[in-house]
Amino acid sequence: MTHMELNKRQMEILEIVKANVPITGEQISERLGLARATIRPDLAILTMAGYLDARPRVGYFYSGKKPAQSIEESMIGMKVRDFQSMPVVVTEQISVYDAICHIFLEDVGTLFVVDNDSFLTGVLSRKDLLRTSLGGNDLNKMPVHVIMTRMPNITYCKKQDTLIDVAKKMIDKQIDALPVIDKYAEGLKVVGRITKTNITAAFLSLGDEHEL
Ligand code: ADP
């Protein structure tokens, strides 16, 4: 069933049913201060479109189907917490060689670096590691903290941020990934990772939702 835009009264009816399941048409009309006949077409539409289930002599139930949103609303509603991936974290002392192994083993493009108390201290990208390996260094001896981008120059986000905010930061700073963090007085704890791949997945989900 395709999504349709509901009008204000239909949205109100949905909210009333959600909060008072089951509820009769008569009771809904009383709550709205309208005649039963006035809301009859709305109830028919909501039932036919699958938002409400009507059971004879019992009343209306909410089916769980979410009302359609505009693309704008859907985009604003896309939050980091719904699209983030697991972070891949290494400690500052590991070697550049081991960091490269992590990139392959964990199949990620960016590693986050933490200190011994698990607070964020740095970021390592593919090119950071590639550049170092071209430099004729002993990769087994060189710790990653020498080459990483470090705090306070790290761009991060929080679970409740919108994906639009994150995408803007990625483009502005020309980076591929951001750590998702929880802030503490002592520093930042890494709880997730958001990459251009996550943004692409979100872009696709928008297409599904709106049947593009
Ligand atoms: P690559 O270097 O592989 O193209 P990026 O574009 O993500 O990958 O990284 C570019 C530079 O920005 C690198 O030096 C990297 O350390 C740094 N960087 C990557 N992510 C961040 C971030 N979230 N905050 C600050 N700097 C970052």
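Residues numbered from 1 in each chain as written. Predicted model: local features only at pLDDT ≥ 70, side-chain atom pairs only at ≥ 80, totals over all residues. Heavy atoms only, no water.

**Here's the deal with the overall build of the protein chain**
(1) Moving on: Counting secondary structure elements, the protein chain contains nine helices and eight strands.
(2) Moving on: Relative to the globule expectation of 17 Å for 212 residues, the C-alpha radius of gyration of the protein chain, 25 Å, shows a markedly less compact shape.
(3) Moving on: Judged by the C-alpha coordinates and their principal axes, the protein chain covers about 80 × 40 × 30 Å.
(4) Moving on: Evaluated residue by residue, the protein chain yields a buried proportion of 39% over its 212 residues.
(5) Moving on: Accessible area of the protein chain: about 12,600 Å², with a carbon and sulfur share of 53%.
(6) Moving on: Charge-centre separation for the protein chain: the mean point of 26 positive side chains lies 3 Å from the mean point of 27 negative side chains. (Helix = DSSP H or I, 4+ residues; strand = E, 2+ residues; numbered from the N terminus. Rg over C-alpha atoms; globule rule 2.2 N^0.38 Å. Buried < 20%, exposed > 50% of the residue type's maximum accessible area, 1.4 Å probe, protein only. Areas by Shrake-Rupley, 256 points an atom, 1.4 Å probe, with all protein chains shown as cover. Lys, Arg positive; Asp, Glu negative; His and termini not counted. Charge placed at Lys NZ, Arg CZ, Asp CG, Glu CD.)

**A look at the sheet that holds strand β6 (residues 149-150)**
(1) Moving on: Within the open sheet, the four strands sit side by side as β3-β4-β5-β6. Their pairing is mixed. At either end of the open sheet lies a strand with only one pairing partner, and these are β3 (89-91) and β6.
(2) Moving on: Pairing geometry for strand β5 (residues 120-125) and β6, over two bridges, is antiparallel. Following the sheet pairing, Gly-122 is matched in β6 by Arg-150.
(3) Moving on: Strands in contact with helix α7 (residues 126-134) are β5 and β6; relative to β5, the strand with the most contacts, it is inclined by about 70°. (Pairing = 2+ DSSP bridges. Contact = heavy atoms within 4.5 Å. Axes fitted to C-alpha atoms, helices over the stretch in contact; angles between N-to-C directions.)

**Considering the pairing of strand β1 (residues 52-55)**
(1) Moving on: Here β1 pairs with strand β2 (residues 59-62) via four bridges, running antiparallel. The residue of β2 that forms the bridge with Arg-55 is Gly-59.
(2) Moving on: The turn linking β1 back onto β2 is made up of three residues, and Arg-57 within it adopts a positive phi angle of 65°.

**Quick look at the environment of Phe-112**
(1) Moving on: Here Phe-112 is to be found in strand β4 (residues 110-114).
(2) Moving on: Residues within four places of Phe-112 in sequence aside, it is in contact with Pro-87, Val-88, Val-89, Val-90, Leu-120, Gly-122, Val-123, Leu-178, Pro-179, Val-190, Gly-192 and Arg-193.

**Some thoughts on the side chain of Gln-10**
(1) Moving on: Secondary-structure assignment places Gln-10 in helix α1 (residues 8-19).
(2) Moving on: Setting aside chain neighbours within four positions, we find Gln-10 in contact with Asp-42, Ile-45 and Leu-46.

**Comments concerning unusual backbone geometry**
(1) Moving on: Between Val-21 and the following residue, Pro-22, the backbone shows a cis peptide bond with an omega angle of -10°.
(2) Moving on: The amide bond that connects Met-151 to the next residue, Pro-152, takes the cis arrangement and shows omega of 5°.
(3) Moving on: Within the secondary structure layout, Pro-152 lies in the loop between β6 and α8 (163-173).
(4) Moving on: Residue Asp-107 is not a glycine yet carries a positive backbone phi of 55°.
(5) Moving on: Although it is not a glycine, Ser-118 sits at a positive phi angle of roughly 70°.
(6) Moving on: Along the polypeptide, Ser-118 turns up in the loop between β4 and β5.

**Overview of the packing of α1 against helix α2 (residues 25-32)**
(1) Moving on: Following both chains from N to C, one finds α1 and α2 inclined at 115°, their axes separated by 11 Å at the closest point. Helix-helix and strand crossings are classified by hand; for α1 and α2 the assignment is right-handed. Every residue of α2 that contacts α1 at Arg-9, Glu-12, Ile-13, Ile-16 and Val-17 is listed here: Ile-28, Arg-31 and Leu-32.
(2) Moving on: Partitioned by chemical class, the residues of the contact of α1 with α2 number five nonpolar, no polar and three charged. (Left-handed = near helix turned anticlockwise from the far one by under 90°. Nonpolar A, V, L, I, M, F, W, Y, C, P; charged D, E, K, R; others polar.)

Any functional reading would require information beyond the geometric quantities listed.
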